[in-house]
Amino acid sequence: MHLRYAALRTAYIIWVIKMDDELVVDINCVEHTYAGGVKVDICGKEFKVKRGERLAVLGANGSGKSTLLKHILGLIVPNSGRVTVFGKDPARQYDEIRSRIGTVMQNVDEQLIGPTVFDDIAFSALNFGLPRAETHRRVEAILHALNIYDLRNRLPHYLSGGERKKVALAGALVFKPELLILDEPMEGIDYASRREIAGFLGALHKETGMTMISTIHDMNVVSNLADKGYVMKHGGKLDLYGTITGLFFNHDLGDYNLAPPPVVTLIKELRLKGFDLHSTLDLNNLCSQITAILESRLHP
Ligand SMILES: Nc1ncnc2c1ncn2[C@@H]1O[C@H](COP(=O)(O)OP(=O)(O)OP(=O)(O)O)[C@@H](O)[C@H]1O
Ligand SMILES: [Mg+2]
């Protein structure tokens, strides 16, 4: 009996390790040429995303971030190279993985289709076969969570840009995707809503372990949505890869037209003035470090 339990336990542990290690997205040097001749060649650092990771793709306008996401979503076909998402080729087999992927496009007008906000959010869940009552319950919950309950009967196309983005996010989350693709999710979102959305996504990630890939221009919110990131050069080259903290502290991102958050600049300046500070993106952590240093200087 004990032996049987031990065997089951080992099998379970191996399964958990395998699940943790499962590659959700694997991109191997994909090149795409748009009509008009612009070539985007996504190559350089290996682009591999494991289950449960939160990853950001950073880079200047036009560098190729949305193009990378379009490859993951099977919206464009590579001329060469290979894209695998959940073990499938998204350009040819997207229907087999569609129900596992939630998306917020950079231009959300391309994805809002329901006659009302409520219908729009419910659409994909119903389409993937979720019962009507459960869909209704989930839509109500997400409307409250994203603070857009008042918008439920409005026409999506008459909403403000930020409101539309929140509706698209609700629609992407309602069927509890395993992979969430966010192309500039915070663009046009006000300060308080950014904090709410980041908090909500953070809690959801902890609860469900969903994999997240985002592109973000606001460097102040990157660390709320991602733990690791790639920095892309013009033409699609994946030039840098590392933790978000490491990317900001160990590289000069000015070369990529990216300005680090003020906390990074402040720590770098204070280090030059002799303050021995750890790298952090958390302002409260920086304040604690400075307070401790000042106290140790006042009361040596
Ligand atoms: N549909 C299209 N037709 C032709 N060229 C395109 C198309 N979409 C993108 N491009 C071009 O491909 C390149 C990469 O564009 P992409 O949208 O991937 O950049 P991005 O990094 O997402 O930029 P942004 O930060 O402005 O969102 C750019 O030069 C862009 O002009
Ligand atoms: Mg883009």
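Residues numbered from 1 in each chain as written. Chains lettered and ligands numbered in written order. Predicted model: local features only at pLDDT ≥ 70, side-chain atom pairs only at ≥ 80, totals over all residues.

Description of the overall build of the protein
Scanning the protein from N- to C-terminus turns up eleven helices and ten strands. Overall size of the protein, expressed as C-alpha extent along the three principal axes, is 65 × 65 × 45 Å. The buried share of the protein, taken over its 300 residues, is 35%. Sequence separation of 24 or more characterises 66% of the internal contacts of the protein that already satisfy a separation of 6 or more. (Helix = DSSP H or I, 4+ residues; strand = E, 2+ residues; numbered from the N terminus. Buried ≥ 20, exposed ≤ 12 C-beta atoms within 10 Å, placed from the backbone. Contact = placed C-beta atoms within 7 Å.)

Description of the site of ligand 1
Lining the immediate surroundings of ligand 1 are 14 residues, of which Tyr34, Asn61, Lys65, Ser66 and Thr67 lie closest. The element contributing the most residues to the shell around ligand 1 is helix H2 (residues 65-72), with three residues. Taken together, the residues of the shell around ligand 1 sort by class into four nonpolar, nine polar and one charged. (Near = placed C-beta within 6 Å. Nonpolar A, V, L, I, M, F, W, Y, C, P; charged D, E, K, R; others polar.)

A look at the environment of Arg297
Of note, Arg297 is situated in helix H11 (residues 283-298). Given 8 C-beta atoms within 10 Å, Arg297 falls into the exposed group. Along the sequence, Arg297 and Arg9 sit 288 residues apart, while their C-alpha atoms lie 53 Å from each other.

Considerations on the pairing of strand S8 (residues 211-215)
Taking burial as the measure, the five residues of S8 include five buried ones, the bulk of the element. By the alternation rule, side chains of S8 split into Thr211, Ile213 and Thr215 and Met212 and Ser214, which are all buried. Sheet topology places strand S4 (residues 54-59) next to S8; four bridges connect them, and they run parallel. Its bridge partner being in S8, Leu55 is matched across the sheet by Ile213. (Pairing = 2+ DSSP bridges.)

Structural notes on the domain arrangement of the protein
Each assigned domain of the protein is listed with its residue range as follows: domain 1 (2-260) and domain 2 (261-300). A C-alpha centroid distance of 34 Å is found between domain 1 and domain 2. Each partner contributes to the interface: domain 1 provides eight residues, whereas domain 2 provides five residues. At four residues, helix H9 (residues 244-250) tops the list of elements feeding residues into the side of domain 1 that touches domain 2. Split into classes, the residues belonging to the side of domain 1 that touches domain 2 amount to five nonpolar, three polar and no charged. (Domains from an automatic or database assignment.)

Quick word on the packing of helix H4 (residues 117-127) against helix H5 (residues 132-145)
At a closest axis distance of 10 Å, the pairing of H4 and H5 adopts a crossing angle of 130 degrees. Our classification of the angle between H4 and H5 gives oblique. The handedness of the crossing between H4 and H5 comes out as right-handed. Of the residues in H5, those touching H4 at Phe118, Ile121, Ala122, Ala125 and Leu126 are Arg132, Thr135, Arg138, Val139 and Ile142. Classifying every residue of the contact of H4 with H5 gives seven nonpolar, one polar and two charged. (Axes fitted to C-alpha atoms, helices over the stretch in contact; angles between N-to-C directions. Parallel < 35°, antiparallel > 145°, perpendicular 65-115°, else oblique. Left-handed = near helix turned anticlockwise from the far one by under 90°.)

Thoughts on the nonpolar core
Generally speaking, soluble globular proteins have nonpolar side chains that are buried together. Among the nonpolar cores identified, the biggest contains 71 residues, and Ala56, Ile121, Ala170, Ile181 and Val222 are the most heavily contacted of them. Looking at this core, the element that brings in the most residues is helix H6 (residues 161-173), giving six residues. Residues from two domains meet in this core; each of domain 1 (2-260) and domain 2 (261-300) gives at least three. If we skip the residues at most four places from it in the chain, Ala56 touches Ser214, Ile216, Val222, Leu225, Ala226, Gly229 and Ile244. (Core = buried A, V, L, I, M, F, W, Y, C linked by C-beta atoms within 7 Å.)

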